[in-house]
Amino acid sequence: MIKFDKIAAYIEDFHKNTEFKPHFHQTYSFALITNGESEVVFKNKTLKYKTGDFRIINPNELHFVKPGIWEYKSIVLDKEFVNKITLEIANKKELFFQNKITSKEINSLFCKMYKKDEEATYFFFEKLISHTQEIKLPNITLKNSLKLIDENFTQKLSLADLAKSEKLSKYHFLRLFKNQTGLTPHQYIIIKRLNYALELMKKEKNLSIVAVSAGFSDQSHFIKEFKKVFGFTPKH
C-alpha cells in the first residue's frame, strides 16, 4: 500500500495577485486549477491556465508565476516515488510530463488521488504516461561549480570561489551560469536552500532551526525568501 503521508504534500490555496519568483523544485508538482486563471513562465514558453486545466511542474524545471487570481489543489510528490511507480506501470522512469493537460479523466483521477485513493493513483499515472517524453538533460558544462554548490549550499560560497572551480573569470562564469541554468549563482543557491528547508520542515517545526540549518542568516530572511518564491509563508 502507498503510504501517502510519507511521500506527498497536499496544498489547497487561493492566490490574489501573488507573484512567484523564478525557482525550481526537486519534486514533481501536480495541480488542478479549480477557479480563476494563472500564467506560468517557463524557460522557453509561457502557458496560461484556466479553471479545469491541469498543471505539472517537473523536477528542476525553472519557472515563475505571474500575478493573477486563482485557486488550486496540488499534490507534491518525491521524484523517487514517481520514478518507482512509472517504472512499475510502464518500465519507464525520469519522465518529463507535459506542463499543461486538459482532461476531465485526469482531473477526476487526481481528485480521487487527493483523497489518498491508492487505485486512482496508479490509473492517474497510467493516463499521464501517454502525455510524456523521456527527459532530455540540458547541456550543462559548469559541472564543477554545480557540484560545489550541491555539496556546500548551506555554507557561504563566493562568486570568486565558484568561478575559480571552472577556471573562468567572475564575469564569464556569471554569464555562462545564468545562460545555462536561467538563474544567477546566488538565486540558484537560495532555491537549493529553500528546497532543503522543505525537507527539514517534515521533521523540524522550529523555523529558526530550519532557517539556520538551511544556510539562511536568520528566520526573518528565510521567511522572506520562502514567501517570495512559493507565495505563502513556511507556517502556512
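Our subject is the structure that appears above.
Residues numbered from 1 in each chain as written. Predicted model: local features only at pLDDT ≥ 70, side-chain atom pairs only at ≥ 80, totals over all residues. Heavy atoms only, no water.

**A word on the overall build of the chain**
Reasoning step 1: Helices and strands together make up the secondary structure of the chain, namely 10 helices and 10 strands.
Reasoning step 2: Here the C-alpha atoms of the chain give a radius of gyration of 18 Å, agreeing with the 18 Å that 2.2 N^0.38 yields for 236 residues.
Reasoning step 3: Taken along the three principal axes of its C-alpha coordinates, the chain extends 50 × 35 × 35 Å.
Reasoning step 4: Put simply, the chain has 236 residues, and 44% of those count as buried.
Reasoning step 5: Counting contacts in the chain only where the partners sit at least 6 residues apart, residues at least 24 apart contribute 71% of the total.
Reasoning step 6: When the accessible surface of the chain is totalled, it reaches about 13300 Å², and 51% of it is carbon and sulfur.
Reasoning step 7: Of the charged side chains in the chain, 39 are positive and 27 negative, and the gap between their average positions amounts to 5 Å. (Helix = DSSP H or I, 4+ residues; strand = E, 2+ residues; numbered from the N terminus. Rg over C-alpha atoms; globule rule 2.2 N^0.38 Å. Buried < 20%, exposed > 50% of the residue type's maximum accessible area, 1.4 Å probe, protein only. Contact = heavy atoms within 4.5 Å. Areas by Shrake-Rupley, 256 points an atom, 1.4 Å probe, with all protein chains shown as cover. Lys, Arg positive; Asp, Glu negative; His and termini not counted. Charge placed at Lys NZ, Arg CZ, Asp CG, Glu CD.)

**Some remarks on the nonpolar core**
Reasoning step 1: The biggest cluster of nonpolar side chains holds 39 residues, and the ones touching the most others in it are Ile-149, Phe-177, Tyr-188, Leu-194, Phe-216, Phe-222 and Phe-226.
Reasoning step 2: Mapped by element, the contributors of at least two residues to this core are strand S3 (27-42), strand S7 (69-78), helix H5 (143-152), helix H6 (159-165), helix H7 (170-181), helix H8 (185-200), helix H9 (207-213) and helix H10 (219-230).
Reasoning step 3: Here this core gets six residues from one element, more than from any other, and that element is H8.
Reasoning step 4: What Phe-216 contacts, discounting residues up to four positions off in sequence, is Ile-190, Arg-193, Leu-194, Ala-211, His-221, Phe-222 and Glu-225.
Reasoning step 5: With 24 residues, the next largest nonpolar core counts Ala-8, Phe-30, Leu-77 and Phe-124 among its residues. (Core = buried A, V, L, I, M, F, W, Y, C linked by side-chain atoms within 4.5 Å.)

**Thoughts on the pairing of S3**
Reasoning step 1: Pairing geometry for S3 and S7, over nine bridges, is antiparallel. For Thr-27, the partnering residue across the bridge sits in S7 and is Asp-78.
Reasoning step 2: Examined bridge by bridge, S3 and strand S5 (residues 54-57) share four bridges and lie antiparallel to one another. Within S5, the position partnered with Ser-29 by the bridge is Ile-57. (Pairing = 2+ DSSP bridges.)

**Side note on the side chain of Glu-225**
Reasoning step 1: Tracing the backbone shows Glu-225 in helix H10.
Reasoning step 2: A residue is classified by how much of its surface remains accessible, and Glu-225, at 12% relative accessible area, is buried.
Reasoning step 3: Discounting residues that sit within four places of it in the chain, Glu-225 has contacts with Ile-190, Leu-194 and Phe-216.

**Focus on the packing of helix H2 (residues 79-90) against helix H4 (residues 118-129)**
Angle between the axes and distance between the axes are the two parameters that describe a pair of packed helices.
Reasoning step 1: Axis separation between H2 and H4 bottoms out at 10 Å; the angle between their running directions is 75°. One finds that H2 runs roughly perpendicular with respect to H4. Every residue of H4 that contacts H2 at Phe-81, Val-82, Ile-85, Thr-86, Glu-88, Ile-89 and Ala-90 is listed here: Thr-121, Tyr-122, Phe-125, Glu-126 and Ile-129. (Axes fitted to C-alpha atoms, helices over the stretch in contact; angles between N-to-C directions. Parallel < 35°, antiparallel > 145°, perpendicular 65-115°, else oblique.)

**A word on the environment of Tyr-72**
Reasoning step 1: Topologically, Tyr-72 is positioned in strand S7.
Reasoning step 2: Looking at Tyr-72, the relative accessible area reads 5%, which means it is buried.
Reasoning step 3: The contacts of Tyr-72, once residues within four sequence positions are left out, are Ile-11, Glu-12, Asp-13, His-15, Ala-31, Leu-32, Ile-33, Thr-34 and Phe-232.

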